[in-house]
Amino acid sequence: MALREREADAVGELDELRRQVDELRASRRRLAVADDAERRIVERALHDEVQQHLVGLAAGLQLAAVSMDADPTTTKHLLAEMGSAVQQALEDARRLAHRLSPPLLEAGGLLPALRSAAVNADVPARINVEAGRPIPPEVASTVYFCFLRVLEHANADAPVTIVVRVDERTLGFEIVADGDLGAERLGLLDRVEALGGRLSFGSEPGHRTGLVGSMPLSG
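Predicted model only: the values in this text are computed from it and were never measured.

Engineer: Outline helix H6 (residues 184–194), listing residues and values.
Structural biologist: Those residues of H6 not exposed but buried are Leu188, Leu189, Asp190 and Val192. Among the residues trailing H6, glycine 196 stands out with phi positive, at a value near 80 degrees.

So, in structure tokens, the structure goes:
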């Protein structure tokens, strides 16, 4: 009987191991799909926004060169329009840079990066970061992108709240906002779990959505 029990336990452990492997494969597949979707978003933005501004600038420069001597007033207006187009192109490029790899995250840390994300999204935010030790870049980046995705789906009329606490071994964070993450939930869950962390979702009366996560600070 003991042998049969051991065999049954071994089969059960093997089945559980297979289940975990299948879940891991599915998670990695979702991460790959999410990365591909993100790349397509950036490529589309580069083509539809930044590239179009640059094409307009090139056309404006040609017109300005033609009208410079014959019609200085028209040239002045063209240069003013091109100045606005340059500012818009810079803003589009800056927004894409923040989406891919926020420069403030590396240069200034998590707190200024989160503040900058909220400003760029034009969403009011209450941000509290209590870090007693340096945060590994991959952990800080994951928190940042969770916050960014919440901002993208948040109601701009209600503040988003994020609290980050760091102890010797773990970073914990909580984000609360008005809005529905929908299909984004799986992607955020995969990001956090890829670093050995945990992420849970909840909702409150009034359509408030909450994320509670934690990640180890070392592998």
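From this point on, the discussion continues.
Engineer: Can you tell me about the nonpolar core, naming the residues and giving the values?
Structural biologist: Within the largest apolar cluster, 36 residues are counted, with the highest numbers of intra-cluster contacts made by Leu171 and Phe173. Broken down by secondary-structure element, the contributors of at least two residues to this core are helix H4 (110–121), helix H5 (137–153), strand S2 (160–166), strand S3 (170–178), H6 and strand S5 (208–216). Considering each element in turn, this core owes the most residues, 10 residues, to H5. Sequence-distant contacts of leucine 171, defined by excluding residues within four places in its chain, comprise Ile135, Val139, Val143, Val164, Arg165, Val166, Gly213, Ser214, Met215 and Leu217. Residues Leu57, Ala64, Met82 and Ala85 belong to the second largest nonpolar core, which totals five residues.

Engineer: Outline the pattern of salt bridges, supporting the account with residue identities and numerical values.
Structural biologist: Taken as a whole and judged by the stated rule, the model has two salt bridges. With a closest N to O distance of 3.4 Å, arginine 165 and glutamate 130 form a salt bridge. In this pair, arginine 165 sits in strand S2 while glutamate 130 sits in strand S1 (residues 125–131), placing the two residues 35 residues apart along the sequence. Arginine 149 is the salt-bridge partner of glutamate 152, the closest N and O atoms lying 3.5 Å from each other.

Engineer: Quick one: what's the story with unusual backbone geometry, residue by residue and with numbers?
Structural biologist: The backbone of aspartate 122 shows a phi angle near 55 degrees, a positive value even though the residue is not glycine. Mapped onto the fold, aspartate 122 is located in the loop between H4 and S1.

Engineer: Just give me the short version of the pairing of S3, but keep the residues and values in it.
Structural biologist: Pairing of S2 with S3 involves six bridges; the strand directions are antiparallel. Bridge pairing in S3 links isoleucine 162 to isoleucine 175. Where S2 hands over to S3, the hairpin turn is made up of three residues, counted between the paired strands. Pairing of S3 with S5 involves nine bridges; the strand directions are antiparallel.

What counts, and at which threshold
Residues numbered from 1 in each chain as written. Predicted model: local features only at pLDDT ≥ 70, side-chain atom pairs only at ≥ 80, totals over all residues. Heavy atoms only, no water. Buried < 20%, exposed > 50% of the residue type's maximum accessible area, 1.4 Å probe, protein only. Helix = DSSP H or I, 4+ residues; strand = E, 2+ residues; numbered from the N terminus. Core = buried A, V, L, I, M, F, W, Y, C linked by side-chain atoms within 4.5 Å. Contact = heavy atoms within 4.5 Å. Salt bridge = Lys/Arg side-chain N within 4 Å of Asp/Glu carboxyl O. Pairing = 2+ DSSP bridges.

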